[in-house]
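# Structural overview
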Amino acid sequence: MDYFADSIKKAIRTVPDWPKPGVSFRDITTVLQDRTAFRKLVDAFVHRYHDQKIDAIAAIDARGFIIGSPLAYELNAGLVLVRKKGKLPFDTLVEDYELEYGTASVELHKDAFRPGDKVVLVDDLIATGGTMLAASRLIRQIGAEIVEVSAMIDLPDLGGSRKLRDEGLSVYTVCEFEGD
Ligand SMILES: O=P(O)(O)OC[C@H]1O[C@H](OP(=O)(O)OP(=O)(O)O)[C@H](O)[C@@H]1O
Ligand SMILES: Nc1ncnc2[nH]cnc12
């Protein structure tokens, strides 16, 4: 485990049986409210991308916004919001994805990127990977280049990061919770 992963993982609170029995909820609020951990979290992403000439950070509604905003600022990149359906006012592209029960949709403004823009897609956590995959499809439809999809937390037991790699995406996560 590297310098960033160890301390950030320790700052994440696990809430058992929330929102329903059997789920171990990885609560990031304890990272955000700890000034040292929050700075280290943003630094982990900045360190990874600072020399890659990233044009834009695409951040997923809602917890992805928290990481994406300071990262875009530090990289001198644009910030693009991938939103839950019905929140964006201009012309959009929509992508549906599977939830445990039913489906959800993410949406992106059609003019969010210029073709060929180098983009990092950011969220707080990868579980089944459905949200990240749907967002990736939207970005690719516009013709931007996804340099990497990245998140604070991977839950590899749920298979999302593997699924994303199988789609040809490079995946970075700061830490993971496996088998616990
Ligand atoms: O890999 P997946 O199985 O798609 O799950 C991961 C997604 O689920 C959570 O978001 P949620 O939809 O709960 O929204 P929130 O950020 O608004 O809380 C999390 O923030 C990721 O976006
Ligand atoms: N176990 C989990 N903890 C926090 N957010 C999640 N989103 C999906 N699964 C989650």
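Residues numbered from 1 in each chain as written. Chains lettered and ligands numbered in written order. Predicted model: local features only at pLDDT ≥ 70, side-chain atom pairs only at ≥ 80, totals over all residues. Heavy atoms only, no water.

## A few points about the site of ligand 1
The local shell around ligand 1 holds 13 residues, among which Asp123, Asp124, Thr128, Gly129 and Thr131 are the closest. At 3.1 Å from an oxygen atom of ligand 1 is found a side-chain nitrogen or oxygen belonging to Arg63. The separation between an oxygen atom of ligand 1 and a polar side-chain atom of Asp124 is 2.6 Å. Placement of ligand 1 is best described as lying within the largest pocket. (Near = heavy atom within 4 Å. Polar contact = N/O pair within 3.5 Å; in protein donor to acceptor, adjacent residues only side chain to side chain. 1 Å grid on protein atoms, 1.4 Å probe; cavity = no way out; pocket = protein on both sides within 12 Å on 5 of 7 lines; lining within 4 Å. Sits in = over half its atoms within 2 Å of the grid points.)

## Thoughts on the UniProt feature "domain: Phosphoribosyltransferase" (unreviewed entry) in the protein
When the UniProt feature table is mapped onto this chain numbering, "domain: Phosphoribosyltransferase" (unreviewed entry) sits at residues 37-154. Measuring from the first to the last C-alpha atom of residues 37-154 gives 18 Å, for a span that is 33% helix and 38% strand. (UniProt positions renumbered as here; feature names shortened; annotations may be inferred. Helix = DSSP H or I, 4+ residues; strand = E, 2+ residues; numbered from the N terminus.)

## Observations concerning unusual backbone geometry
Omega for the bond connecting Trp18 with Pro19 falls within 30 degrees of zero, at 5 degrees, which places this linkage in the cis form. Positionally, Pro19 belongs in the loop between β1 (13-16) and β2 (24-27). Its identity as a non-glycine residue notwithstanding, Lys53 has a phi of 50 degrees, on the positive side. Note that Lys53 resides in the loop between α3 (35-49) and β3 (56-60). Note on Lys53: relative accessible area 70%, which makes it exposed. Even without glycine at this site, Asn76 takes up a positive phi of about 55 degrees. When you line up the elements, Asn76 lands in the loop between α4 (63-75) and β4 (78-84). (Buried < 20%, exposed > 50% of the residue type's maximum accessible area, 1.4 Å probe, protein only.)

## Focus on the site of ligand 2
By nearness alone, every residue bordering ligand 2 is listed as Ser24, Phe25, Arg26, Arg63, Leu125, Ala127 and Leu155. Contacts to ligand 2 include Ser24, whose backbone N or O atom sits 3.1 Å from a nitrogen atom. Residue Arg63 places a side-chain N or O atom 3.3 Å away from a nitrogen atom belonging to ligand 2. For ligand 2, whose free accessible area comes to 270 Å², the fraction covered by protein is 76%. A molecule is said to occupy a pocket when more than half its atoms come within 2 Å of that pocket's grid points, and by this definition ligand 2 occupies the largest pocket. Ranked by the residues each element gives to the shell around ligand 2, the list is headed by β2, at three residues. A per-class count over the shell around ligand 2 returns four nonpolar, one polar and two charged. (Areas by Shrake-Rupley, 256 points an atom, 1.4 Å probe, with all protein chains shown as cover. Nonpolar A, V, L, I, M, F, W, Y, C, P; charged D, E, K, R; others polar.)

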